[in-house]
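# Descriptive analysis of the structure
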Amino acid sequence: MTIQHPNFGEIADDRIIIFDTTLRDGEQSPGFSMNLEEKLRMAEALAELGVDVIEAGFPIASPGDYESVESIARLIRGPVIAGLARSAPADILRAADAVRGAARSRIHTFISTSPLHMKYKLRMEPEAVLQAVTDSVTLARHHTDDVEWSAEDGSRSDSDFLCRCVEAAIRAGATTVNVPDTVGYALPEDMTRIFTMLRERVPGADRVILSTHNHNDLGLAVANTLAAVAAGARQIECTINGIGERAGNAALEEVAMAIRTRPDAVPGRVGIVTERILMTSKLLSTITGFDVQPNKAIVGRNAFAHEAGIHQDGMLKNAATYEIMTPESVGWAKTSLVMGKHSGRAAFRDKLKTLGYGELGDNALNDAFRRFKDLADRKKTVYDEDITALVDDEVVRGKDRIRFVALDVRAGSRGPAHAELELEIDGVAHAASATGDGPVDATFNAIHAIFPHQAKLTLFSIGAVTEGTDAQARTTVRLEEAGKMVDGQGADTDTIVAATRAYLHALNKLLVKRERTEPQALSA
Ligand code: KIV
Ligand code: ZN
């Protein structure tokens, strides 16, 4: 049955709403925090990917969270922009303020409905929770027509009580009702039971969008999501690369491709521009510093690689023998040779467009072009992946206060390594030299000499952007200071320069964090 929705108008029977929570549930998990610029870049990419709703954050959690939701609401056009709120009036008012500038806004309010959460977390009687459902949705509806209500720990809630809460939310004006599997406990048959029950028992359930939100603690988030859709859920909550609390959320790329590949089993269609999936996944990896594992479905390096001879033989005869979707349909293209050192700025800008970057600002374009020329001088072949790594590196660097200028390193087996480093801090040039146990240690000591700080290095990893000995290195550095954790990334053909860029990126993020107040606990 078609549904009338304040933000989407008439929603066709088979249309499935993709609600992306990369910037809220995803960003909430340790190591995945992003700064404002990174969130805006990600929100832009999500809009281009065609998601229907972006959950931009939890405005009451911290001034930084408020600022990013407010900015995304003001600047990103296309998707509905949602802000999360617990049931307390202060939460709802803060979320309402943050999303006010959006062309289409949503307040997403939630409260726990399971016996365990009500007794130990909320310390509330069920009847008080029921009243809070009505009050919170009513208040949210005073501020926007599009209100989503979620039953936290819904999958472990008593069926009768869950039905009463959902009914109360609908009566109070919720336009979407979400039943999360908050702790990743459910099996697909639980989803079938819950969504069938809601549609059969709750008056008005056919007038709202039923939504599913699944965590991956048992590795079942995507399976549970598809089961919920088959049982009548019309909105899917998911994240890029499946990031999120603990084991993460259902991965957007997996649910979107499952729906597209198996229309016989999962009814419905999504509005995702699937060809943009890979670049969105890579952008998130670049921003957060976490690559997906090689065998990750859809976006892993090996997702379309055929190693076994028998598979390769079949592929050559007919790709459909071993391929259920084409690599191109999710954005994988054959690694292609791009321009060389004689290519001009216009060709470079054109290349960026074909790689899916919108118009870069003049500064970012100039910096990226200068680095491209430099790379083309040093590297025999420059691939699309090289350009992507380099531009992403420029984009995430944004308004860094501490900038890399130059580095000379002496390393080898004959004595301590030595590094001479030049940096720019707030536009002022600084230089230092230092020794260390290896070139990375010497360089990081030089950074300390120029910019003394207490942060501890807790992770350092190196990967290659492409193949071959002249490939760019992509490095990740994690720093921790006073309970705050940040990740930085860097890419360069010189591994030590890449490491330096990653360290500086992390340090810059730490400076931004220092200016922010601590977020409040993110629980209802
Ligand atoms: O997992 C969960 O229950 C949530 C809610 C806040 C929707 O993330
Ligand atoms: Zn969640």
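Residues numbered from 1 in each chain as written. Chains lettered and ligands numbered in written order. Predicted model: local features only at pLDDT ≥ 70, side-chain atom pairs only at ≥ 80, totals over all residues. Heavy atoms only, no water.

Once that is clear, we can look at the sheet that holds strand β5 (residues 80-85). Taken in spatial order, the eight strands close into a barrel running β3-β4-β5-β6-β7-β8-β9-β10, and their pairing is parallel. Strand-to-strand twist in this sheet, taken as the mean axis angle between neighbours without regard to direction, amounts to 25°. In this sheet, strand β10 (residues 235-238) lies alongside strand β9 (residues 209-214) in parallel orientation, the contact comprising three bridges. If you follow S211 over to β10, its bridge partner there is Q235. Across the sheet, helix α7 (residues 159-172) touches β7 (147-152) and β8 (176-181), and the angle it forms with β7 is around 165°. Across the face of the sheet, helix α8 (residues 188-201) comes into contact with β8 and β9 while running at roughly 160° to β9. (Pairing = 2+ DSSP bridges. Helix = DSSP H or I, 4+ residues; strand = E, 2+ residues; numbered from the N terminus. Axes fitted to C-alpha atoms, helices over the stretch in contact; angles between N-to-C directions. Contact = heavy atoms within 4.5 Å.)

Protein coordination at the zinc ion (ligand 2) comes from D25 (OD), H213 (NE2) and H215 (NE2), with a distance range of 2.0 to 2.2 Å. Here the donor residues for the zinc ion (ligand 2) map to a single chain with the spacing D-x187-H-x1-H. For the pair formed by H213 and H215, the shared burial category is buried. (Donors = N, O, S within 2.8 Å, 3.2 Å for Na, K, Ca; no water. Buried < 20%, exposed > 50% of the residue type's maximum accessible area, 1.4 Å probe, protein only.)

Now for helix α4 (residues 89-99). An α-helical turn contains 3.6 residues, so a residue and the one three or four places further along point in the same direction. Listed in full, the buried residues belonging to α4 are D91, I92, A95, A96, A98 and V99. Buried residues along α4 cover an arc of 165° about the axis, so they all sit on one side. (Arc of directions from axis to C-beta.)

Turning next to the site of ligand 1. Neighbouring ligand 1 are the residues R24, D25, H108, F110, S150, E152, P180, T182, H213 and H215. In this structure, an oxygen atom belonging to ligand 1 sits 3.1 Å away from a side-chain N or O atom of D25. H213 places a side-chain nitrogen or oxygen 3.2 Å from an oxygen atom of ligand 1. Relative to its free-state accessible area of 260 Å², ligand 1 is covered by the protein chains to the extent of 94%. Looking at the shell around ligand 1, the elements that each hand over two or more residues are α1 (22-26), β6 (105-112) and β7. (Near = heavy atom within 4 Å. Polar contact = N/O pair within 3.5 Å; in protein donor to acceptor, adjacent residues only side chain to side chain. Areas by Shrake-Rupley, 256 points an atom, 1.4 Å probe, with all protein chains shown as cover.)

Right, let's get into the packing of aromatic side chains. In total, this model carries seven aromatic pairs according to the counting rule given. Ring centres 5.5 Å apart and planes at 50° place the aromatic pair F348 and F369 in the tilted group. Separated by 21 residues along the polypeptide, F348 in helix α13 (residues 345-354) and F369 in helix α14 (residues 362-378) bring together distant segments of the chain. On the accessibility criterion, F348 (0% relative accessible area) is buried. Its relative accessible area of 14% is what places F369 among the buried residues. Connected via pairs of aromatic rings, a cluster forms that spans F348, F369 and F372. Cation over ring: R94 sits above Y66, and NZ or CZ is 3.8 Å from the ring centre. (Phe/Tyr/Trp six-rings, centres within 6.5 Å; stacked < 30°, edge-to-face > 60°. Lys NZ or Arg CZ within 6 Å of the ring centre and 35° of its normal.)

By the secondary structure assignment, E55 is in strand β4 (residues 53-57). E55 sits in the buried class, given a relative accessible area of 0%. Polar side-chain contacts of E55 include one of 2.8 Å to the side chain of T21. At 2.6 Å, the side chain of E55 and the side chain of H108 are in polar contact.

Counting 94 residues, the largest nonpolar core has I54, W149, F195, L198 and I272 as its most contacted members. Here this core gets nine residues from one element, more than from any other, and that element is α7. Residue-level mapping places this core at the junction of two domains, with at least three residues from each of domain 1 (11-288) and domain 2 (305-333). By size, the runner-up hydrophobic cluster in this structure holds 29 residues, among which are A419, A434, I447 and V497. (Core = buried A, V, L, I, M, F, W, Y, C linked by side-chain atoms within 4.5 Å. Domains from an automatic or database assignment.)

On to the confidence of the model for the chain. On average, residues of the chain carry a pLDDT of 90, and 93% of them reach 70 or more. Taken together, the stretch residues 517-524 has pLDDT below 50 and engages in 20 contacts with residues farther than four places along the chain or on a different chain. (pLDDT = per-residue confidence, 0-100.)

As a further point, take the packing of α8 against helix α9 (residues 221-230). α9 packs onto α8 with a crossing angle of 30° between their chain directions and a minimal axis gap of 8 Å. By the angle class used here, α8 and α9 are roughly parallel. Of the two possible hands of crossing, α8 and α9 adopt the one that is right-handed. Facing P188, M191, T192 and F195 of α8, the residues of α9 in contact are A223, N224, A227 and A228. Across the contact of α8 with α9, the residue classes break down as six nonpolar, two polar and no charged. (Parallel < 35°, antiparallel > 145°, perpendicular 65-115°, else oblique. Left-handed = near helix turned anticlockwise from the far one by under 90°. Nonpolar A, V, L, I, M, F, W, Y, C, P; charged D, E, K, R; others polar.)

So, about empty space enclosed by the protein. Counting across every chain of the model gives two cavities of 30 Å³ or more. In terms of lining, the second largest cavity is formed by K282, T286, E385, T388, A389, D392, V465 and R474. By residue number, the principal contributor to the lining of the second largest cavity is helix α15 (residues 384-397), which donates four residues. Looking at the lining of the second largest cavity, its residues break down into two nonpolar, two polar and four charged. (1 Å grid on protein atoms, 1.4 Å probe; cavity = no way out; pocket = protein on both sides within 12 Å on 5 of 7 lines; lining within 4 Å. Points joined across faces, edges and corners; volume = space filled by probe spheres on them.)

With that settled, the discussion passes to the pattern of salt bridges. Under the criterion given, the structure shown has 28 salt bridges. Notably, a salt bridge pairs E70 with R74, separated by 2.9 Å at the nearest N-O pair. Of the two residues, E70 and R74 are both situated in helix α3 (residues 63-75); the distance of four residues between them amounts to about one turn of the helix. Residue R74 is classed as partly exposed on the basis of its relative accessible area of 42%. Between R501 and D492 there is a salt bridge; the shortest N-O distance is 4.0 Å. Taking relative accessible area as the criterion, R501 reaches 12% and is therefore assigned buried. Of the residues examined, D492 reaches a relative accessible area of 7% and is grouped as buried. Shared partners join several salt bridges into a network, and the residues in it are R24, D25 and E55. (Salt bridge = Lys/Arg side-chain N within 4 Å of Asp/Glu carboxyl O.)

Attention now moves to the environment of H430. Looking at where H430 falls in the secondary structure, it is placed in strand β13 (residues 428-436). With relative accessibility at 31%, the residue H430 sits in the partly exposed group. For H430 and A449, which are 19 residues apart along the polypeptide, the C-alpha to C-alpha distance reads 10.0 Å. Ignoring any residue separated from it by four or fewer positions in sequence, one finds H430 in contact with L421, E422, L423, I425 and I450.

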